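The chain contents come next:
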Amino acid sequence: MEIEHRLRDSISAEPLPPTESAEILILRARSENGSIDSLASDQRSLHIIDDFPEKKRAEDELNEQVESLLLDKVDNGDKLATFQLAQFYFEQDDYKRSLIYYEKIKDTDPQAQFQLGVMYHDGLGTTADHEKGHEYMLKVANNLHSSNQHLIHVAQYNVGRSHFEGCGVKQSDTEAERWWLLAANDGHPKASIKAQTALGMYYCREESLDYKKAFFWHSEATGNGSLESQGALGVMYELGLGCHKNHDSAFECLKEASERGNVYAMANLTAHYYAKKLYTKAAETAARVAQLKDIEDISRETDCLPVFIGKGIAMGSFYYARCLHLGHGVQKDKDLAQTYYSQAFKFDGNTTQMLQNMVTHGKI
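So, here is what we can say about the structure in this document. (Residues numbered from 1 in each chain as written. Predicted model: local features only at pLDDT ≥ 70, side-chain atom pairs only at ≥ 80, totals over all residues. Heavy atoms only, no water.)

1. So, the overall build of the chain
Point 1. The number of helices and strands found in the chain is 19 helices and zero strands.
Point 2. Put simply, of all contacts in the chain between residues at least 6 apart along the chain, 54% involve residues at least 24 apart.
Point 3. Split by element, the accessible area of the chain, about 17,800 Å² in all, is 49% carbon and sulfur. (Helix = DSSP H or I, 4+ residues; strand = E, 2+ residues; numbered from the N terminus. Contact = heavy atoms within 4.5 Å. Areas by Shrake-Rupley, 256 points an atom, 1.4 Å probe, with all protein chains shown as cover.)

Okay, structure coming up:
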């Protein structure tokens, strides 16, 4: 088991906090005028249509109605509708039209500024311009108006990420740490949980190593629902990093994180079982991990970092190979074991080499 010290190029951006969908907002507006029936009926019907072509047709009709209603409101000077229309296009992946409407309200709407920061950073609907993206995000992060509270910590996290990666601004670990501390807001549950997790990882790096701080931030993030941090916290309890070793707490964290879909936690839970000589459980858990393949898809579903998912699959594959090799908890099969040894190396050579060294020294 290990705590990853390499953070650069692995952290993900934080998107705009959830907003009410354009459909719901328009349904509400129409209900106030007593004309909700047809559109509401269309929306409800989408949930009971099993035929895909028919469902797609109904969805397209609903989208056309929403777009038409929003365009009418925009033509009448409704700035809120302008944002809703931009967001509607954004959610439809129509980034060029989305950009047009965000630009119309960029001087007065922090949410539009936030989205423009994302779009210029990622090159959505326009040529990527990291400096411009950073400027928009910085504007939101520095806007302390009460109406902007739901955006501030998210924007602060993204500004910190830009500094950490040197994307659109000069690379600076010090500035990244400063912005992430602001975004994490002492572990407040309504602050940026991604920032809390990022700090936990940041303090596990050799360049900024402080396991006590790492343990604190992973604990805070776990308490606020971070699946990534819950797996990391389990490893820290298991190894006694920044805390006293506590195998019971390690097991609880790893098991719950595994049940929630954290692949790295599953792999470390396998290692936990193997060390306790619970070989049947170790083999069963490792076998499940070793069957996983699509790192990007898993990352989208769990919001866990691809680098850790790859390490998790490598660990799971290696431990499953070891169980097959020795007949621990599963029928011995050296040929199949070799297949999974090779798979482990394919997913993460460094992790596999570390585990092989542990075998050489009699630790596995």
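Following the structure, the description resumes.
2. Overview of the packing of aromatic side chains
Point 1. Overall, the coordinates contain 19 aromatic pairs when judged by the stated rule.
Point 2. Geometrically, the ring pair formed by Tyr-120 and Tyr-136 is stacked, given 6.0 Å between the ring centres and 10 degrees between the ring planes. You can see Tyr-120 sitting in helix α6 (residues 110-122) and its partner Tyr-136 sitting in helix α7 (residues 130-141), a full 16 residues away along the chain. Here Tyr-120 and Tyr-136 have matching classes, each one buried.
Point 3. Ring plane angle 65 degrees and centroid distance 5.4 Å describe the contact between Tyr-274 and Tyr-319, whose orientation is recorded as edge-to-face. Here Tyr-319 lies in helix α17 (residues 306-326) and Tyr-274 lies in helix α14 (residues 263-275), a separation of 45 residues in the sequence.
Point 4. For Tyr-274, a relative accessible area of 7% puts it in the buried group.
Point 5. What makes Tyr-319 buried here is its relative accessible area of 4%. (Phe/Tyr/Trp six-rings, centres within 6.5 Å; stacked < 30°, edge-to-face > 60°. Buried < 20%, exposed > 50% of the residue type's maximum accessible area, 1.4 Å probe, protein only.)

3. Here we look at helix α19 (residues 349-360)
Point 1. Between its terminal C-alpha atoms α19 stretches 16 Å, which fits the 16 Å expected from 12 residues at 1.5 Å a residue.
Point 2. Along α19, the residues classified as buried are Thr-351, Thr-352, Leu-355, Met-358 and Val-359. Down the axis of α19, the buried set is contained in an arc of 115 degrees. They therefore lie on one face. Of the residues in α19, the exposed ones pointing more than 90 degrees away from the buried face are Asn-350 and Thr-360. (Expected span 1.5 Å × (residues − 1). Arc of directions from axis to C-beta.)

4. Topic: the side chain of Ser-229
Point 1. Among the structural elements, Ser-229 can be located in helix α12 (residues 227-239).
Point 2. Judged by its relative accessible area of 0%, Ser-229 falls in the buried class.
Point 3. If near-sequence neighbours (up to four positions away) are discounted, Ser-229 is found in contact with Thr-197, His-218, Ala-221 and Thr-222.

5. As for the nonpolar core
The tendency in soluble globular proteins is for nonpolar side chains to be buried side by side.
Point 1. Counting residues in each nonpolar core, the largest one holds 45 residues, and the members touching the most others are Ile-309, Met-315, Tyr-319, Tyr-320, Leu-355 and Ile-364.
Point 2. For this core, the elements supplying multiple residues, two or more each, are α12, α13 (247-259), α14, α15 (279-290), α16 (295-302), α17, α18 (334-347) and α19.
Point 3. No other element matches the 12 residues that α17 contributes to this core.
Point 4. If we skip the residues at most four places from it in the chain, Ile-364 touches Tyr-274, Tyr-319, Arg-322, Leu-355, Met-358 and Val-359. (Core = buried A, V, L, I, M, F, W, Y, C linked by side-chain atoms within 4.5 Å.)

6. Considerations on α12
Point 1. For α12, with 13 residues, the first-to-last C-alpha span of 19 Å sits near the 18 Å given by 1.5 Å per residue.
Point 2. Buried residues dominate α12, accounting for 12 of its 13 residues.
Point 3. Taken together, the buried positions of α12 are occupied by Leu-227, Glu-228, Ser-229, Gln-230, Gly-231, Ala-232, Leu-233, Gly-234, Val-235, Met-236, Tyr-237 and Glu-238.
Point 4. Buried residues belonging to α12 abut α10 (193-202), α11 (211-223), α13, α14, α16 and α17.
Point 5. Positive phi appears at Gly-240, one or two residues downstream of α12, with a value of about 70 degrees.

7. A word on the packing of α17 against α18
When two helices pack together, their arrangement is given by the angle between the helix axes and by the axis-to-axis distance.
Point 1. One way to put it is that α17 packs onto α18 with a least axis distance of 8 Å and a crossing angle of 165 degrees. Regarding the angle of α17 to α18, the classification is roughly antiparallel. As for how α17 packs across α18, the hand of that crossing is left-handed. From α17, Gly-310, Ile-313, Ala-314, Ser-317, Phe-318, Tyr-320, Ala-321, Arg-322, Leu-324 and His-325 reach across to α18, where they touch Lys-334, Leu-336, Ala-337, Tyr-340, Tyr-341, Gln-343, Ala-344 and Phe-347.
Point 2. When the residues that make up the contact of α17 with α18 are grouped by side-chain class, the tally is 12 nonpolar, four polar and two charged. (Axes fitted to C-alpha atoms, helices over the stretch in contact; angles between N-to-C directions. Parallel < 35°, antiparallel > 145°, perpendicular 65-115°, else oblique. Left-handed = near helix turned anticlockwise from the far one by under 90°. Nonpolar A, V, L, I, M, F, W, Y, C, P; charged D, E, K, R; others polar.)

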